[in-house]
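Chains, contacts and geometry: an overview
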Amino acid sequence: MGSRKLRVGIVGAGSVATDCHVPGWLAHPDVEIAAICDINKRAAVTLAAAAGATQVLTDYKKLAALKEIDIVDVCTPNRAHTPVVKAALAAGKHVICEKPLAVSVRDVQAMGRLARAKRRKLMTAQHYRYSPMAIAGKRFLGSGGLGTPYHARVYATRSNLVPTGYGFIDESLSGGGPCMDIGVHALDLCMHLMDFPKPVRVSGSARVNFAKGRSIRGAWGQWNRRRFTVEDFASGFVHFDNGATMALEASWLGHQEDTEDISTLIYGTGGTIQWPTGKYWSTRDGVAYATQLTEPDGLPRAYTAELHAFYDCVVNQKPSPVPWEQTVQVIAILEGIYKSSRTGREIKIKL
Ligand SMILES: NC(=O)c1ccc[n+]([C@@H]2O[C@H](COP(=O)([O-])OP(=O)(O)OC[C@H]3O[C@@H](n4cnc5c(N)ncnc54)[C@H](O)[C@@H]3O)[C@@H](O)[C@H]2O)c1
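Residues numbered from 1 in each chain as written. Predicted model: local features only at pLDDT ≥ 70, side-chain atom pairs only at ≥ 80, totals over all residues. Heavy atoms only, no water.

**Focus on the packing of helix α5 (residues 105-118) against helix α11 (residues 324-343)**
What counts is decided by this rule: Fitting a line to C-alpha atoms yields each axis, with helices limited to the stretch in contact; the angle taken between N-to-C directions then spans 0 to 180 degrees. Secondary structure follows DSSP: runs of H or I at least 4 residues long count as helices, runs of E at least 2 residues long count as strands, and numbering of each begins at the N terminus. Oblique is the label for every angle not falling under 35 degrees (roughly parallel), over 145 degrees (roughly antiparallel), or within 65 to 115 degrees (roughly perpendicular). Any two residues whose heavy atoms approach within 4.5 Å are treated as being in contact. Each residue receives one of three labels: charged for Asp, Glu, Lys and Arg, nonpolar for Ala, Val, Leu, Ile, Met, Phe, Trp, Tyr, Cys and Pro, and polar for the others, Gly being one of them.
At a closest axis distance of 9 Å, the pairing of α5 and α11 adopts a crossing angle of 170°. Of the possible angle classes, the one that applies to α5 and α11 is roughly antiparallel. Counting all contacts with α5, which are made through Val-105, Val-108, Gln-109, Gly-112, Arg-113 and Arg-116, the residues of α11 involved are Trp-324, Glu-325, Thr-327, Val-328, Ile-331, Ala-332 and Glu-335. Per-class residue counts for the contact of α5 with α11 are six nonpolar, three polar and four charged.

**Re the environment of Thr-148**
By the secondary structure assignment, Thr-148 is in the loop between α6 (132-142) and β7 (149-158). Not counting residues up to four positions away in its chain, the partners in contact with Thr-148 are Tyr-267, Gly-268 and Thr-269.

**Brief notes about the site of the ligand**
Our working definition: We define proximity as follows: a residue is near a molecule or strand when any one of its heavy atoms falls within 4 Å of that partner. Definition of a polar contact: a pair of N or O atoms within 3.5 Å, with one able to donate and the other able to accept a hydrogen when the atoms are protein atoms, and with sequence-neighbouring residues admitted only if both atoms are side-chain atoms. Each accessible area is a Shrake-Rupley result for a 1.4 Å probe, and residues are judged covered by the shown protein chains and nothing else.
As a structural note, the neighbourhood of the ligand is formed by 19 residues, with Val-16, Asp-38, Asn-78, His-81 and Tyr-303 the closest of them. In the environment of the ligand, an oxygen atom lies 2.6 Å from a nitrogen or oxygen atom belonging to the side chain of Asp-38. In the environment of the ligand, an oxygen atom lies 3.0 Å from a nitrogen or oxygen atom belonging to the side chain of Lys-99. Here the ligand has 840 Å² of accessible area as a free molecule, and 81% of this is covered by the chains. In terms of residue class, the shell around the ligand is made up of eight nonpolar, eight polar and three charged.

**Focus on helix α4 (residues 81-90)**
For clarity, the threshold we go by: The buried label applies to any residue whose accessible area, calculated with a 1.4 Å probe on protein chains only, is under 20% of its type's maximum; exposed applies above 50%, and partly exposed to all values in between.
Burial in α4 covers these residues: His-81, Thr-82, Val-84, Val-85, Ala-88 and Leu-89. Among the structural elements, β1 (6-11), α3 (60-64), β4 (71-74), β5 (94-98), α5 and β6 (122-125) are those in contact with the buried residues of α4. Just beyond α4, the residue with positive phi is Gly-92, at close to 85°.

**Things to note about the sheet that holds β4**
Counted only if it meets this: One requirement defines pairing of two strands: DSSP has to find at least two bridges between them.
Here six strands make up an open sheet; going across it, the order is β3-β2-β1-β4-β5-β6 and the pairing parallel. Looking at strand neighbours, the two that pair on one side only are β3 (55-57) and β6, the edges of this open sheet. The sheet shows a mean angle of 25° between the axes of neighbouring strands, direction not considered. Bridge count between β4 and β5: four bridges; the pairing is parallel. Within the sheet, the bridge partner assigned to Asp-73 lies in β5 and is Ile-96.

**Here's the deal with the pairing of strand β8 (residues 199-207)**
When β8 meets strand β9 (residues 233-240), the two strands line up antiparallel, connected through eight bridges. Residue pairing for β9: Ala-206 is matched across the bridge by Ala-234. Pairing of β8 with strand β15 (residues 347-348), which is carried by two bridges, proceeds in the antiparallel orientation. Counted as the bridge partner of Arg-201 is Lys-348 from β15.

Here is the structure:
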């Protein structure tokens, strides 16, 4: 790579690429966006113009084959991640891919093993880890401030926000509803804060309560009821090998106070912490008290920070900031919730 700028090719020129990845890469002085690929040519042309990219493609295999590209950034709908990531790794590119990296353990492992064989970096874009309070929380837990974590609650619930694109509501494209879409954010962050205890058993339920009807209006517009083939609510319960447990809830529609609640509570023997508020509860000399973590100032937008962390790991040969070995545990839990819901049984996780 020498001292030249790293060249990025983006596959999937939709919302997240336009609003988050292109501005994030453009903010890095040593990166240029060389190519944009989308099956919708007009979307690719529009984003290439905004990104200053000279190459426009409609076939991800052709983008993966471009010699001048160092990094492939995958922003397609969930089920389209695996083929694109595999093609890019097989062509010798480093890959950052939007969450969820894949919707099955098998696919995450296949990508991870390929990255290992090709000695290329693979990162899941879990930008919540780069939010200031997540950084403060990680430091606090790392210093032992919570004692031993023994239970967590993970919330990713919305009252009336259904992403209306088929890439989210059609199971054949998304692999799941709010559980895969936003549950994955809060779950990954909670696991990261808890230092990735190993999940061993999961049970759960995924169901449609409101999305086939019209009792709750979506603030993001109408969705196609017929194409809606995912859940609008999911819940899960997880056991870890260290005896800790976790309860998870995810929804796009439901009756609740907040429009969106993406948060986690981690209970430890030394105290309980809440993200993203940074609230902390404990006792001293038998007296209960509450306090508040302070978040670091002056950090870049989390979406930008995650991309720059990936640049750093590629250039300075550091471990992937969000390695597939962690993501596989997150996906095992989410996949387990769906399997448990289908079978009515608790699912054993063997990784
Ligand atoms: N990290 C976050 O906060 C966040 C936010 C939104 C979306 N996402 C994730 O990003 C991904 C994309 O979401 P979005 O909101 O940008 O969706 P989107 O529907 O706006 O865009 C997806 C784009 O991918 C294109 N596409 C589909 N299959 C393709 C293929 N095989 N090759 C090339 N292009 C293809 C589509 O034409 C579309 O333009 C999803 O995995 C989603 O979960 C993450």
